Every structure is written in C-alpha cells, then in structure tokens.
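Structure at a glance
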Amino acid sequence: MKTGMLAEAGKAIGTATRARPKRRVLPLDYARRRSIQALLAGIFVFLYFPIVALVAFSFNNSRRNVTWQGFTFDYYVKAFNNASLHEAFTNSLIVAGVSTLISTALGAMLGLALYRFRFPMKGLVDGWVSLPIVIPEICMGVAMLAFFAAMDIQLGLATITVSHIAFTIPFVAVVIRARMAGFDQSLEEASRDLGAGQWQTFWNVTFPYMGPGLVAGALLAFTLSLDDFVITFFTSGPGSTTFPIKIYSMVRFSVTPEVNAASTVLIVLTLTLTVIAMVIQGRSGKQMVGK
Amino acid sequence: MSRAIVSIQNVSKLFGSITAVDDVSLDIAEGEFFALLGPSGCGKTTLLRMLAGFEIPSSGRIMIDGQEMEGIDPNRRPVNMVFQSYAVFPHMSVTDNVGYGLKVTGVPRAEIDKRVKEALALVKLDGYERRMPGQLSGGQRQRVALARALIKRPKVLLLDEPLSALDAKLREAMQLELVRLKNAVGITFIIVTHDQDEALSMANRIAVMDRGRVVQVASPAELYEFPNSRFVADFIGKINLLEARVAGMENGRLLADAVGIGRVAVPFSGAAKSEIGLAVRPEKVKLDRSEPAVGRLKIRGRVREIAYYGDESHVFIEDGAGLTITANVPNDARTTQGPVAVGDEVWVSWAPADTLVLTE
Amino acid sequence: MQDWRKNKLFFAILMAPSAFWLVVFFTIPLAIVWVYSFGGRGPEGQTLIGFSFENYRRAVEWIHLGIIWKSIVIASITTAACLLLGFPLALAIAFAPSRLKNVLLLLVILPFWTNLLIRTYSWIAVLRERGFLNFGLEWLWDRADLLFTFVGMPDLFGEFQPLRLLYNLPAVVIALIHVHLPFMVLPLYATLEKLDRSYLEASLDLGASQWRTLSSVTVPLAMPGIATGVLLTFILSLGSFLAPDLLGGTEGLMIGNLIAHQFGPSRDWAFGSALSFLIMYATFIVLWIRSTVASRSQTGLGI
C-alpha cells in the first residue's frame, strides 16, 4: 500500500518534471529568440525614449532640468494663455478642416476612378498622382512658393490650404483604393440585375461600402495637414503662422517645458485621431465580412 | 517487423488550450510506406511537423534512428520533407533547388553535380536542369521537391499531402510514381493525407487519426475489412450501419436484435457492450428478387434510387420503416438495362461473416 | 475593372477635379521650378528666365559639392542603419503570433504618426550638453569613479566632461534613423508577411542553418520589399531639411538646407531650383529602378 503510494507519487513527480515547460523556441518564431528580443527592446527604447521624455518633462516642475522636480500643469496653463500659440492653433485647425473637406472629396473620387477604370497610360497616371507622396517635402515646398510668387499671390492661410490639399489628395486616394480592393463587384451587378440604374447602384451599394474608407481617409488628411511643417514653412506668410511653425520658431529660440507642453497637445491630438481612424478601418473590415 | 526507425512515444501537442495531438504512440519500421490518415484538423500534419522539428511536442518524446530528437533543430535531423505547397525556391533553377541541401552542408561541387544528375534522373526530370520553377507545371515542381529531399539520402522522407494540389488524373499517376520511387530508394516514407484512396493504394500500414488520437493502426486491407470503430468504418469506404442490442453469446457467435432485421447471429470474439453497431460494406450486399437462403442477414425493401457510375451502380433500398441500405452492383453485362429498376420490390442480404461488429 | 470608354461620363466626373488640382497646384509649380533651374538671378534677387546649365554647374562646384556629397553619405548611412535594424524587426513581426504581431506593428507605426518636427527636436533634450544622454553617462562615470575609490584608486577618472553630442553629423544621422525607420520596416514587413514560410522551413529541413537560410532564401525572396524600403528611405533622408536644420549645426548641413537658404536669405531661386531638381532627378531614377526591380521579380522569378 505504502510502496504503491510512493510509486504513484514518483510517477507524479516524473510527469511533473516532464511536463515542465521547456523553453524551446520554434525555428521561425523569431520574436521569441532572446537575441532578437534584446534587439527589439533596444529599437523600441530608441524610438520611444525621446518622445516619452519630452511628454514627461512637460509636466516637470523646473524650467531646465533633466531630473524630475515634481509634477505640475503650469506649462500647460502658460501655453494655453499664450496668445500667439492660441492663434497658431486656430489657424492650424482652419487649414486642416478646410483642406480635409476638399481633399477627401477629390481624393475619394480619384481613388474610385483608379480602382474602377482601365484607361490608357494608367501606370503613368498612377505614378504621377502618387508623386506628392514620394518626393521629398522640400521639393514640393519650394515649388509651391515659386508658383505663388510667379502668380503674384499673397502667402497666407489660403496658400497653405491649397498646398495641403494637393499633397493630401494622393493619401486619401490610396486609402479609398485599398478599401475598394475588398469590394465584391458582383454586388453592383446584383443591384443592376434587380433593376437599379447606374447612379442608384452607386449611391445605394458602392458609396455605403466606401464609408469607413472615407472616414479613415479624412482623418488621415486632417492629421497630415495638422502635422505638416516643411511645406507649410514655405507657403505661409506673416500672420498665417500654424501650430507646427510656431513650435518651430519657439524651438529655434530654446526648448522650454512650455514648448513641450504645446507639442504634447499636438501629439495627443494626432494620435487620438489616428487611433480612431485605425479602429474604424479595422472594425468596419470585420463587420462587412460578417465576423 | 524490422527495427523501428521512428518511435513516437506518448507525444501530445497543445496549442493554447486546444489539444492538436493527444498522447500518440507509434513505431514505424525501417522501409515502411506509412500513412497518417484522417480528416482535416485531426492532428496528422502537426505530428509530421513534429518529426521534422517545426513543432515541439508539449510532452512525450520522438526517437528517429535510435536518437532522441528533443532539442535538435530541423536542419540537424535525419529526415527530409516534401511540403504541401512544394516550397520549391522560386529564385533558384531546378539544379540549384535540387543541389541546395548538399551545397549548404558543404558537399564538394563535383559530388553535388553528380548527385543532382542522379536525383533528376530518378524523378524523370532530366533535361529540365536550367528551368526556373515559374516555368514548370505543378507535377514537375513536385518532382523537384521530391528530388531535392531524396538527394539528402534521409533516413525518413516526410510527405505532407503531396498530391492534394494535383488534378485527379495526375494524382493517380503520381501515386504509382511514389510507390516506384519508394521501392527504388528503399527508405522509409511517411505520408500525411486526408484521402483514403491515396493511403489505401500506396501505404503498407496506415494510422487513422481522429481529434488528435490514433484510432487504429493496421494494413490497408485490415483497416477496410476489420475496422475497430464506427469512425474508422465510416471514414474508410462506405458502410450500411444498423443499430443493434446485444442478446447474448452462443458458441462463438454474438446474438443481437438489429433494427429492421430482428434476431441475428454473427461471428464475434471479444467483449461487447449492450449497444452495438452492425455494419456491412455495400459491395458485400446482394440483391435478389426472391427470398435469399436461410442463415443470411436479410431485409425486404423497395428500390428508391439508383446512382449509375459506369463500372457499377449504387442501389438504394428502403424498407417500410425508413431504413436505407446501399448495395453496390457491378455492371458486368453490356446492357443499358440494370438488374433492378426504381420501385422494384427486392431482398437485400449478406453473409453473417461479412458483418462488421462495431463496439466503439 | 471597367474600360473607361464604357462609362466616359462617370470616369470624367471622378477624374477631372483631382486631375485639375494636381496639375495646377502640383505639376505646374514643379514645372516652374524646373524652368527656373535653367534661369539666373537678377541684381535685386529676382529670377530671370533663360536657358543655361550655369546653376547645375555651380551645384558641382567644390563648396556645394561638399554638401551634396555629405548629404549622400548621410542618406546612405541612415539607409544602411535602417535596413540593419529594420530587417530583424520586420522579420520578427512578420513571423510573430497574430496578437503579438498587432502590438509590435502598432509600436512601429505610432511614432510614424507623431509630428516630424516634434520627433526631430525631441533629440535636442536627449543630446544636448545638459541632456539625458550626458546625464546618464555622468551617472555611470560617477559610479565607476566610486568603485575605483573603493579599491584604493581615488580620482582616477577626474571630473566628468559632458560630450558634445549635438550640432554635428552623428546627431543628424541619429534623428534621421529615428524618423525613417518605419518607412523601412513597413515595406519589409509587407513583403515578409506575404512570404510563404514553407520556403524557410524547406531550407532548414534541407540542412541549412538559420544564417544560411536568411542569406540564401529569406533575403533574396524579400528583395522587392528591401528595394522599396531602401529607395524610399534614401530619397526621403536625402531631402531632409528639419533634422540638419535643428540638430546639425554648421557641420551637419544638407542639400535641403542649402535649397531653403537659396529660397530664403540668399534669394537665388534659380540656383535653389537647380538643387531641388537634383533631388527630383534622383527621385525619378530611384522610382525607375524600383519599377524595373518590381517587374523583374514578377516575371522572371515567378513569385
């Protein structure tokens, strides 16, 4: 009896040691290799440390210090009461709002056309409309400056907005095209088969499917416009300072916690919009397939 | 049986909370053509991938050629694999693909050239040396994958659903081809398949798997004629199944009351629970216009439907109580008129010895 | 896909507004700069239209060539570093289990959506003389000093001298790597993610080591993604303006700053246009290379 129990216990221990998870990594499970993990950790520290430090030290109760002196909202209050920052922020919102409206409409139509139609020299047109995404911003910035000067147009919020529309159209088009890639064209055929006309089909079948893509595209355009520095730098004139331009001029003078506070506001705003856009895209994708 | 080249001992594999392979033990002898057969999701591919080293058993151990495989990376195992997608490197020519395994292990150039030539001859691909995979058909790509694995002279060749991507005609030809190759090189083949015809026609021995467990290991004929469970009987070939209640044993015969027939006596050794299944293969069922001889198991019914397949017809007979029996009738006379027609009253019958007693 | 002739009206309605906008507010401005690049500078800084290669000749004068060459070197180092860091990162993400994959992807994308200006200037606080990096180094220095004092060697190190990490070339390179790493990782990830992993398994199965598999199978098959990532990173970092402007000092000037200077204080738009178009030509060449790589990988390799 006793020996039996001992044998049982021994067996239990035997299975226990065998069942203990051995740390063996599958051949292609690179993310679980220690060396790769160390590299990944290093990369993410590199990517995040400067930004996280900037955000954290916007709450630091000291003007110029790399050590923590206590928590404060003072610099947010100061930034908020800074009239020129205020004005710059309003300018940014106006530019981003107007340019988003126009570029979303135009970009969506372009994306739809590129998704839908086959036409001569399509490859070339494709390359042309994606050029604003690819070329360095400085090239586009000086081109816009030269253009407005040649046309004798006064630089101001209007010139900034026009330029922002030009460079956000391709981004919206890309988003819409990606969205439409998942569209089942037989839905349109079914609609036509059931007696709907071409326009009815578009408004009742195609357009609703585009919806989430439109929202995502609009949020992308808004963020890009809000964030843009280089192109805005060349197309803004006196009295049309945007938020990034204002931050730039403050940074050139000195990096203060006040600038960090203003920057943090911009970071939080754009990240929120981005996350919303991603959630909308992700969820609508799942809903539409019915999962 | 000669010594075990592969020994799988109490191997289990869990993915999170899902048990993909559940306490499997198998010994595969040197020179066997062994098949792992089962429906998709039964764990057969996971088991094969554990042999190759692409999955790690959660518990249990695997021995290949007497060597413990725990902790040995795929590139150091004495086995090679033919992938379901073939995985022929698209950026290398046929020669480079076939020679790859030798090149990466530092075999001298001259030796590689010689063995590539042999391997290509073996799979009948001579003349295709400089082709790129994009220029080959599916069947040819598979031959490249075979040559590439065989050139390594592995102890065991693992084949993961090797014929599933081929069309029906080519598949049949490749079945014969694989058996020929197996006999030519003499090494152990382990093939994973969900296709019973493939397993039955090629393998010496088959392990039928269901939900992570091995249900039965036997030769093809044994599996077909003596399945040990309803699952195996149903998965391999077709059966007519009658539920029955055991009434007792009488000098080596099992007495049971079957639905639709009544009291029957069938040869049986072993232990049975009170509820069993009695089954018969459709080709063992006879059709008669008049009542069959005493001693046969028989049911009277009406022909409901006939499915014509050319070489044979499947006749579906329904008795009054809603029981359907299928009989496969060979079309051995050259006529457009079958032996029976829909609506005919017939007797179906089979010999007691042809009855499968399914206790599981 | 529909032929445009089948539905001309709808096609025209969809295409016309964007086409108009991109012609007027993108193509014509670029054309103007292109024309300017052959012009000259008037006595009061106005731009004269003409046809000469004078501006391009000036660009390769010793003083400017130095900056162009430095820009190319900076862009190359940045690209190489991004590839070296980005490939293992993309590989790990592509083959990670799906939940971890999403988290890692998000971690790569988030900085991408943080303002370029802010990301660039955030390095000032890290690299400046009284910045985080020097602070950390000083801390280590003091610990080491203390340790040597313990073993009987006091004041071996002396006082910590903060390193000059800002307003030089390495500062620019660091910030450019930081800014452009996602541009490298995302195309690499997109290619590796689509890659059938049984190619890698087959290589391992045939006896190749992980390194051998990487060099003989993974890298060649990921070539389209590598080409996209490398070319994109190179062009974008070549045209950088902010990082050298904020972090480079006089040592770290790049073409972008030279261009901005021509359109700003120097008021030599013709020369600035020529410099700008040097980058544009490089961009066109790179796009052309990319499209040939893409078409070759589609036809020749049968991927």
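Residues numbered from 1 in each chain as written. Chains lettered and ligands numbered in written order. Predicted model: local features only at pLDDT ≥ 70, side-chain atom pairs only at ≥ 80, totals over all residues. Heavy atoms only, no water.

1. Overview of the interface of chain C and chain A
This is how the line gets drawn: In what follows, residue pairs with any heavy atoms lying within 4.5 Å of each other are defined as contacts. Buried area: the accessible area, evaluated with a 1.4 Å probe, that two parts lose upon being put together, summed over both parts. By definition here, a salt bridge exists when the distance from a side-chain nitrogen of Lys or Arg to a carboxyl oxygen of Asp or Glu is within 4 Å.
At the junction of the two partners, chain C supplies 86 residues and chain A supplies 88 residues. Across the chain C/chain A interface, buried area totals approximately 8,200 Å², and carbon plus sulfur atoms make up 80% of it. Here chain C is connected to chain A by one salt bridge. Notably, a salt bridge pairs Arg252 of chain A with Asp245 of chain C, separated by 3.4 Å at the nearest N-O pair.

2. Things to note about helix H7 (residues 169-194) of chain C
The periodicity of an α-helix, 3.6 residues per turn, causes residues three or four places apart in sequence to face the same way. Residue and element names in this part refer to chain C. So the rule is basically this: Runs of H or I in DSSP of at least four residues are treated as helices and runs of E of at least two as strands, each being numbered from the N terminus. Expected span of a helix, by definition, is 1.5 Å for each gap between consecutive residues, and there is one gap fewer than residues. We define the bend at any residue as the angle between the axes fitted to the seven residues before and including it, ending there, and the seven starting there. Contacts described as polar in this section are N or O atom pairs within 3.5 Å, which, within protein, must combine one atom able to donate a hydrogen with one able to accept it, while residues neighboring in sequence count only if both atoms come from side chains.
Helix length check: H7, at 26 residues, gives a terminal C-alpha distance of 37 Å against a target of 38 Å (1.5 Å per residue), a fit within 8%. A maximum bend of about 45° is found in H7 at His180, where proline Pro182 lies one to four positions downstream. Two to three positions downstream of the cap, the backbone nitrogen of Ala171 sits 3.2 Å from a side-chain oxygen, assigning the N-cap of H7 to Asn168.

3. Brief notes about the layout of surface pockets
To locate leftover empty space, one rolls a probe as large as a water molecule over the atoms. The test is simple: A pocket, in this scheme, is an open set of points on a 1 Å grid over the protein atoms alone with protein on both sides within 12 Å along at least 5 of 7 lines, while a cavity is a set where a 1.4 Å probe fits but cannot get out; residues line either one if an atom lies within 4 Å of a point. Grid points are joined across faces, edges and corners, and a volume is the space filled by probe spheres set on the points. In the scheme used here, Gly and all other residues not listed as nonpolar or charged are polar, with Ala, Val, Leu, Ile, Met, Phe, Trp, Tyr, Cys and Pro taken as nonpolar and Asp, Glu, Lys and Arg as charged.
A volume near 690 Å³ is recorded for the second largest pocket. Breaking the lining of the second largest pocket down by element, the ones donating at least two residues are helix H10 (230-235) and helix H11 (243-253) of chain A together with helix H5 (116-127), helix H11 (242-247) and helix H12 (255-263) of chain C. It is H12 of chain C that provides the largest number of residues to the lining of the second largest pocket, a total of five residues. Of the residues assigned to the lining of the second largest pocket, the class counts are 20 nonpolar, seven polar and six charged.

4. Concerning the domain arrangement of chain B
In many analyses, interface size is given as the accessible surface area lost on bringing the parts together. Residue and element names in this part refer to chain B. Stated formally: An automatic or database domain assignment supplies the residue ranges for each domain.
Parsing chain B into structural domains produces domain 1 (4-233) and domain 2 (239-358). Taken together, the contact between domain 1 and domain 2 spans seven residues of the former and ten residues of the latter. Roughly 740 Å² is buried in total at the junction of domain 1 and domain 2, and carbon and sulfur atoms are behind 46% of that figure. Among the residues domain 1 hides against domain 2, the three largest losses belong to Tyr224, Arg230 and Ala233. Together they make up 74% of the total. Where domain 1 touches domain 2, the interface holds two salt bridges. For the salt bridge of Lys284 with Glu225, the shortest nitrogen-to-oxygen distance reads 3.1 Å. The interface formed by domain 1 and domain 2 holds five residue pairs in polar contact (both at pLDDT 80 or more) in total. Only helix H7 (220-225) and helix H8 (230-235) provide two or more residues apiece to the side of domain 1 that touches domain 2. With three residues, H7 is the largest single contributor of residues to the side of domain 1 that touches domain 2. Here the side of domain 1 that touches domain 2 is composed, by residue class, of four nonpolar, one polar and two charged.

5. Comments concerning the packing of aromatic side chains
As a reminder, the rule being used: Working definition: a ring pair exists when centres of Phe, Tyr or Trp rings (six-membered ring for Trp) sit within 6.5 Å. Plane angles under 30 degrees give stacked, over 60 give edge-to-face, the rest tilted. To sort residues, take the accessible area from a 1.4 Å probe on protein chains only and compare it with the maximum for the residue type: under 20% means buried, over 50% means exposed, and anything in between is partly exposed.
Counted according to the given criterion, the structure contains 46 aromatic pairs over all chains. Between the aromatic rings of Phe49 of chain A and Phe132 of chain C, the centroid separation amounts to 5.5 Å while the plane-to-plane angle is 85°, which identifies the pairing as edge-to-face. Pair noted here: Phe49 of chain A is in helix H2 (residues 34-57) and Phe132 of chain C is in helix H6 (residues 132-150), and the two residues belong to different chains. Given a relative accessible area of 39%, Phe49 of chain A falls into the partly exposed group. The exposure class assigned to Phe132 of chain C is buried, which follows from its relative accessible area of 15%. Relative to Tyr199 of chain C, the ring of Phe89 of chain B lies with its centre 6.5 Å away and its plane at 45°, an arrangement referred to as tilted. Placement of the pair is Phe89 of chain B in the loop between strand E6 (79-82) and helix H2 (94-103) and Tyr199 of chain C in helix H8 (residues 197-205), with the two residues belonging to separate chains. Take Phe89 of chain B: its relative accessible area is 0%, and that puts it in the buried class. One aromatic cluster in this structure is built from Phe117, Phe119, Trp199, Phe202, Trp203 and Phe207 of chain A together with Trp4, Phe10 and Phe11 of chain C.

6. A short note on the packing of helix H7 (residues 157-181) of chain A against helix H9 (residues 198-227) of chain A
Residues and elements named next belong to chain A. The following threshold applies: Axes here refer to lines fitted to C-alpha atoms; in helices the fit is confined to the stretch in contact. Angles between the N-to-C directions go from 0 to 180 degrees. It is the rotation of the near helix from the far one that decides the hand of a crossing: anticlockwise by less than a right angle makes it left-handed, clockwise makes it right-handed.
Viewed as axis vectors pointing N to C, H7 and H9 meet at an angle of 145°, and their least axial separation amounts to 8 Å. At the point where H7 passes H9, the crossing takes the right-handed sense. Here His164, Phe167, Thr168, Phe171, Val172, Val175, Ile176, Arg179 and Met180 of H7 lie close against H9, whose contacting residues are Thr206, Tyr209, Met210, Pro212, Gly213, Leu214, Ala216, Gly217, Leu220, Ala221, Leu224 and Ser225. Here the contact of H7 with H9 is built from residues that sort into 14 nonpolar, six polar and one charged.

7. Quick notes on H7 of chain A
Residue and element names in this part refer to chain A. With 25 residues, H7 should cover 36 Å at 1.5 Å per step; its first-to-last C-alpha distance of 36 Å lies within 8% of that length. Along its length, H7 shows its largest kink, about 35°, at Thr168, and proline Pro170 lies within four residues downstream of that point. In terms of burial, H7 is largely enclosed, as 18 of its 25 residues are buried.

8. Points about the pattern of salt bridges
Applying the stated criterion across every chain, the model contains 34 salt bridges over all chains. Note that Arg213 of chain B is salt-bridged to Asp22 of chain B, the shortest N-O span being 3.3 Å. Taken together, the residues Arg213 of chain B in strand E10 (residues 213-218) and Asp22 of chain B in strand E2 (residues 18-29) connect sequence positions 191 residues apart. For Glu54 of chain C, the salt bridge goes to Arg57 of chain C, with nearest N and O atoms at 3.1 Å. In this pair, Glu54 of chain C and Arg57 of chain C are both assigned in helix H2 (residues 54-59), three residues apart and thus about one turn of the helix distant. Note on Glu54 of chain C: relative accessible area 37%, which makes it partly exposed. Residue classification places Arg57 of chain C among the partly exposed positions, given a relative accessible area of 44%. One salt-bridge network, in which partners are shared between bridges, spans Lys124, Arg143, Glu177 and Arg180 of chain B.

9. Some remarks on the interface of chain C and chain B
The interface is formed by 22 residues belonging to chain C together with 26 residues belonging to chain B. Summing both sides of the interface, chain C and chain B together bury roughly 2,000 Å²; the carbon and sulfur share of this comes to 61%. Counting across the chain C and chain B interface gives one salt bridge. Note that Glu201 of chain C is salt-bridged to Arg49 of chain B, the shortest N-O span being 2.6 Å.

10. Side note on the environment of Asp145 of chain C
Residues and elements named next belong to chain C. Mapping Asp145 onto the fold places it in helix H6. Owing to a relative accessible area of 14%, Asp145 belongs among the buried residues under this scheme. For Asp145 and Phe160, which are 15 residues apart along the polypeptide, the C-alpha to C-alpha distance reads 9.8 Å.

11. What to know about the sheet that holds strand E9 (residues 205-210) of chain B
Residues and elements named next belong to chain B. The condition is simple: Between any two strands, at least two bridges found by DSSP are needed for them to pair.
Sheet architecture is open: six strands sit in the order E6-E7-E8-E3-E9-E10, paired in mixed fashion. Two strands close off the open sheet at either side, each with one partner strand: E6 and E10. Sheet twist, expressed as the average angle between the axes of neighbouring strands with direction ignored, equals 20°. Two strands pair when backbone bridges link them, and strand E3 (residues 33-37) and E9 are joined in this way by four bridges, in the parallel orientation. Bridge assignment links Phe34 to a residue of E9, and that residue is Arg205. Set on the sheet, helix H5 (residues 168-185) makes contact with E3, strand E7 (156-160) and strand E8 (188-193); between it and E8 the angle comes to about 155°.

12. Side note on a nonpolar patch on the surface
Operational definition: Residues qualify for a patch when their relative accessible area is over 30% and they have no salt bridge, like charges being joined within 9 Å and the nonpolar side chains of Val, Leu, Ile, Met, Phe, Trp and Tyr within 5 Å. Surface exposure here means Shrake-Rupley accessible area, sampled with a 1.4 Å probe, where a residue is shielded only by the protein chains that are shown.
On the surface, Trp199, Trp203 and Phe207 of chain A together with Leu9 and Ile13 of chain C cluster together into a nonpolar patch covering about 520 Å² of accessible area. Looking at the nonpolar patch, the elements that each hand over two or more residues are H9 of chain A together with helix H1 (8-36) of chain C. Element by element, the count of residues in the nonpolar patch is highest for H9 of chain A, at three residues.

13. Here we look at the environment of Leu107 of chain C
Here Leu107 of chain C is to be found in helix H4 (residues 98-112). Taking the relative accessible area as the measure of exposure, Leu107 of chain C reaches 28% and is therefore partly exposed. Not counting residues up to four positions away in its chain, the partners in contact with Leu107 of chain C are Phe44 and Tyr48 of chain A.

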